[in-house]
Amino acid sequence: MTEYLSNEHGMEKHMTTKTIQIKYHSEEIEKLRYIDGKSDWIDLRAAEDVTMKAGEFKLISLGISMKIPEGYEAHLAPRSSTFKNFGILQTNSIGVIDCSYSGDNDIWRMPAYAVRDTEIHVNDRICQFRIIENQPKIVFKEVEHLEGKDRGGFGSTGVQ
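Predicted model only: the values in this text are computed from it and were never measured.

Points about the sheet that holds strand E10 (residues 95–98)
Working step 1: One open sheet accounts for four strands, arranged E4-E13-E8-E10; its pairing is antiparallel. A single partner strand is all that each edge strand has here, and the edge strands are strand E4 (42–45) and E10. Neighbour to neighbour, the strand axes of the sheet diverge by 30 degrees on average, direction disregarded.
Working step 2: Where strand E8 (residues 72–78) lies against strand E13 (residues 125–133), seven bridges are found, and the strand directions are antiparallel. In the sheet register, Ala77 faces E13, and the bridge partner there is Gln128.

The following block contains the structure:
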């Protein structure tokens, strides 16, 4: 989805366009759209009215299915305002939707846990996604010592 082109200053990032098939399972939700120049994350909306009590879990329908191109996956994450506005957490922190989840009935959902009583309505923007190229095949090589400089271990960079 991203190409790197050579220019007189080195490498320049150039976005290419991909066409992705999408099926809407609700006439009520707004159609997805890519907003150029703002963010390359695309907002997703609740496709159903949801009432949750504190401590409840629910798979919230996002009302869409997609055919992600081979070699790509979607990363699904809450919007920055989701917790503040609705008091829900996405239970798997980030969702990964691979290209094989592509049938008519493979409806995208947000797994949500409510920390307070809340109501979510159709068309409320509750999460976002982006399409990412799959990582390359990795081979691990075991070594006695790594060549990098130690940073001091996990959490060693301080609180500021």
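Examining the pattern of salt bridges
Working step 1: Under the criterion given, the structure shown has five salt bridges.
Working step 2: Residue Arg45 is joined to Glu30 by a salt bridge in which the shortest nitrogen-to-oxygen separation is 3.4 Å. Of the two residues, Arg45 sits in strand E4 while Glu30 sits in the loop between strand E3 (21–24) and E4, which places them 15 residues apart along the sequence.
Working step 3: With relative accessibility at 18%, the residue Arg45 sits in the buried group.
Working step 4: Here Arg79 ties to Asp43 by a salt bridge, and the two come within 3.0 Å at their closest N and O atoms. Of this pair, Arg79 sits in the loop between E8 and helix H1 (82–86) while Asp43 is found in strand E4, placing the two residues 36 residues apart along the sequence.

Let's talk about the packing of aromatic side chains
Pairs of aromatic rings are described using the distance from one ring centre to the other and the angle between the two planes.
Working step 1: In total, this model carries one aromatic pair according to the counting rule given.
Working step 2: An angle of 85 degrees between the planes, with centres 5.2 Å apart, marks the rings of Trp108 and Phe129 as edge-to-face. Note that Trp108 is positioned in the loop between E10 and strand E11 (109–114) and Phe129 in strand E13, a separation of 21 residues in sequence.
Working step 3: In this structure Trp108 comes out as buried when scored by relative accessible area, which is 1%.

Things to note about the pairing of E13
Working step 1: Of the pairings in the sheet, the one linking E4 to E13 comprises four bridges and is antiparallel in character. What sits directly across from Leu44, in E13, is Cys127.

Some thoughts on the sheet that holds strand E6 (residues 57–61)
Working step 1: Taken together, the three strands give an open sheet; going across it, the order is E6-E11-E9, and neighbouring strands pair in antiparallel fashion. The sheet is open, and its two borders are formed by E6 and strand E9 (88–90), each paired with just one other strand. Direction aside, neighbouring strands of the sheet carry axes that sit 40 degrees apart on average.
Working step 2: In the sheet, E6 pairs with E11 via five bridges, with the strands oriented antiparallel. Paired with Ile60 across the strands is Met110, a residue of E11.

Here is what the cut-offs are and how they apply
- Residues numbered from 1 in each chain as written.
- Predicted model: local features only at pLDDT ≥ 70, side-chain atom pairs only at ≥ 80, totals over all residues.
- Heavy atoms only, no water.
- Pairing = 2+ DSSP bridges.
- Helix = DSSP H or I, 4+ residues; strand = E, 2+ residues; numbered from the N terminus.
- Axes fitted to C-alpha atoms, helices over the stretch in contact; angles between N-to-C directions.
- Salt bridge = Lys/Arg side-chain N within 4 Å of Asp/Glu carboxyl O.
- Buried < 20%, exposed > 50% of the residue type's maximum accessible area, 1.4 Å probe, protein only.
- Phe/Tyr/Trp six-rings, centres within 6.5 Å; stacked < 30°, edge-to-face > 60°.

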